[in-house]
Amino acid sequence: MTHDPARPFGRLLTAMVTPFAADGSLDVDGAAKLAAYLVDEQRNDALVISGTTGESPTTTDAEKDTLLRAVVEAVGDRAQVVAGVGTNNTAHTIELARAAEKAGAHGLLVVAPYYNKPPQAGVARHLLAVADAAGLPVMVYDIPHRAGIAIATETMCRIAEHERIVAVKDAKGDLAASSWVLARTDLAYYSGDDATTLPLLAVGGIGLVGTSTHFTGAQAQEMIRAYERGDVATALAVHQRMLPMFTGIFRSPGTILVKAGLTVRGLPAGPVRSPLVDASRAETDQLISDAAAAGLPLAPDTTEETA
């Protein structure tokens, strides 16, 4: 793996779902297999493990550790593995960050503290404390519609002074605010919303932490690289072609539809854990239609088997 300071986690990351067995237990072998598929077939430079898409609210700390170790062993020689460690409890987040470092993670994803809505001084203190506690590069996750708070521009500029806070997963939906931070810091901005990747690239972003990229990874990688080499027409064409999946994956919570799509493809996924519910037949059919509209049939390739 080559490390480019301007792209600390590469160009493309997928927030990987966590495969479970039929009984709801962690499917460790399935996680290793899914990680390999995402890196080798979907061209991901890095994977985020135990983000919200990975059902982190309903996995135990021990399961997070087991999952991380399995994925590092499976793909850590050819992709970075970023551990989602963010909670709304600073002390617990620090514990998870230190455990992730011991388990071999290459970086940390730390979301703004959710639900308890701290003031900006508290948000900054939380993020800086985690960056101080572990020796890994940190990507902060700005997602106001889930966290209940945004990371303000001034806060982002302040925490950017920390040597280990190097990147942002930007799901704020405010290109002007992101532009101001990009103009004032060296933070690497990754889109946290698949469909807004191209607009973010236009104001200085460098990549995507995706959800639909369980299926659209190779195309998203092509779009980012086309934009980088100045081929905006190709980047726009890929963006428009992938829109049915960039947006369709969020018709229901992304975890639900990704797991439905992976199951159709014959890849490890399993059920979701409560309070999420598995996709209905109608939701799965709609996802299959969205994928077909993007030129990405979800059915497994059986040509070799039937030849």
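Residues numbered from 1 in each chain as written. Predicted model: local features only at pLDDT ≥ 70, side-chain atom pairs only at ≥ 80, totals over all residues. Heavy atoms only, no water.

Participant: Just checking my understanding: could you explain the pattern of salt bridges for this structure?
Facilitator: Per the stated rule, a full pass over the model turns up 14 salt bridges. Two residues, aspartate 65 and arginine 69, come together in a salt bridge whose shortest N-O distance is 2.9 Å. Residue aspartate 65 and its partner arginine 69 are located together in helix H2 (residues 61-75), separated by 4 residues, close to a single helical turn. Between lysine 172 and aspartate 142 there is a salt bridge, and its shortest N-O distance comes to 3.0 Å. (Salt bridge = Lys/Arg side-chain N within 4 Å of Asp/Glu carboxyl O. Helix = DSSP H or I, 4+ residues; strand = E, 2+ residues; numbered from the N terminus.)

Participant: What should I look at first to understand the side chain of lysine 259 in this one?
Facilitator: Checked against the element boundaries, lysine 259 lands in helix H11 (residues 254-265). The class for lysine 259 is buried, based on a relative accessible area of 3%. Every residue in contact with lysine 259, bar those within four places of it in the chain, is listed here: Val17, Thr18, Pro19, Phe20, Glu55, Ala269, Gly270, Pro271 and Val272. (Buried < 20%, exposed > 50% of the residue type's maximum accessible area, 1.4 Å probe, protein only. Contact = heavy atoms within 4.5 Å.)

Participant: When you look at the packing of aromatic side chains in this model, what are you seeing that I'm missing?
Facilitator: Pairs of aromatic rings are described using the distance from one ring centre to the other and the angle between the two planes. In the structure shown here, the tally under the stated rule is 1 aromatic pair. Taking 6.5 Å as the distance between ring centres and 55 degrees as the angle between the ring planes, the aromatic pair formed by phenylalanine 9 and tyrosine 190 counts as tilted. Linking phenylalanine 9 in the segment before strand E1 (12-15) with tyrosine 190 in strand E7 (residues 188-191), this pair joins segments that are 181 residues apart in sequence. Its relative accessible area of 0% is what places tyrosine 190 among the buried residues. Above the ring of phenylalanine 20, the side-chain terminus of arginine 273 is found at 4.1 Å from the ring centroid. (Phe/Tyr/Trp six-rings, centres within 6.5 Å; stacked < 30°, edge-to-face > 60°. Lys NZ or Arg CZ within 6 Å of the ring centre and 35° of its normal.)

Participant: I keep staring at the environment of aspartate 77 and nothing clicks. Help me out?
Facilitator: Residue position: aspartate 77 is located in the loop between H2 and strand E3 (80-84). What makes aspartate 77 exposed here is its relative accessible area of 58%.

Participant: Got a minute to help me understand the sheet that holds strand E4 (residues 107-111) in this structure?
Facilitator: Hydrogen bonds between backbone atoms are what pair the strands of a sheet, whose relative direction is either parallel or antiparallel. Sheet architecture is closed into a barrel: 8 strands sit in the order E1-E2-E3-E4-E5-E6-E7-E8, paired in parallel fashion. Direction aside, neighbouring strands of the sheet carry axes that sit 25 degrees apart on average. Across the face of the sheet, helix H4 (residues 120-133) comes into contact with E4, strand E5 (138-142) and strand E6 (165-170) while running at roughly 165 degrees to E4. (Pairing = 2+ DSSP bridges. Axes fitted to C-alpha atoms, helices over the stretch in contact; angles between N-to-C directions.)

Participant: Help me out: how do you make sense of the packing of helix H9 (residues 213-228) against helix H10 (residues 232-248) in this one?
Facilitator: Geometrically, a packed helix pair is captured by the angle between its two axes and the distance between the axes. Where H9 contacts H10, the axes come no closer than 8 Å and their chain directions differ by 155 degrees. By the angle between their axes, H9 is roughly antiparallel relative to H10. The hand of the H9/H10 crossing is left-handed. Judged by residue contacts, Phe215, Thr216, Gln219, Glu222, Met223, Ala226 and Tyr227 of H9 engage Val232, Thr234, Ala235, Val238, His239, Arg241, Met242, Met245 and Phe246 from H10. Here the contact of H9 with H10 is built from residues that sort into 10 nonpolar, 4 polar and 2 charged. (Parallel < 35°, antiparallel > 145°, perpendicular 65-115°, else oblique. Left-handed = near helix turned anticlockwise from the far one by under 90°. Nonpolar A, V, L, I, M, F, W, Y, C, P; charged D, E, K, R; others polar.)

Participant: How should I be thinking about the confidence of the model for the chain in this particular structure?
Facilitator: If pLDDT is low for a region, its predicted coordinates should not be looked at in detail. In this model, the chain carries an average pLDDT of 96, and 96% of its residues clear a pLDDT of 70 or more. Note that pLDDT drops below 50 for residues 302-307; the model gives that stretch 0 contacts with residues more than four away or on any other chain. (pLDDT = per-residue confidence, 0-100.)

Participant: Would you take a moment to explain helix H7 (residues 175-184) for this structure?
Facilitator: Because each turn of an α-helix spans 3.6 residues, side chains separated by three or four positions end up pointing in the same direction. Within the sequence span of H7, burial applies to Ala177, Ser178, Val181 and Leu182. Down the axis of H7, the buried set is contained in an arc of 135 degrees. They therefore lie on one face. In this structure, H7 carries Trp180 and Ala183 as exposed residues pointing more than 90 degrees from its buried face. For H7, the elements touching its buried residues are helix H6 (153-159), E6, E7 and helix H8 (197-202). (Arc of directions from axis to C-beta.)

Participant: Is there a simple way to think about the environment of alanine 97 in this case?
Facilitator: Examined against the element boundaries, alanine 97 turns out to sit in helix H3 (residues 90-102). C-alpha of alanine 97 to C-alpha of isoleucine 165: the two residues are 68 residues apart in sequence and 13 Å apart in space. Residue contacts for alanine 97: discarding those within four places in its chain leaves Val85, Leu108, Val130 and Ala134.

Participant: It is not clear to me how H10 should be interpreted in this structure. Could you clarify?
Facilitator: In this model H10 runs 24 Å from its N-terminal to its C-terminal C-alpha over 17 residues, within 8% of the 24 Å that 1.5 Å per residue would give. Maximum bend of H10: about 55 degrees, positioned at methionine 242, with proline proline 244 one to four residues after it. Regarding H10, the residues found buried are Ala235, Val238, His239, Met242, Met245, Phe246 and Gly248. Where H10 is buried, its residues contact H8, H9, H11 and helix H12 (281-293). (Expected span 1.5 Å × (residues − 1). Bend = angle between axes of the 7 residues up to and from the residue.)

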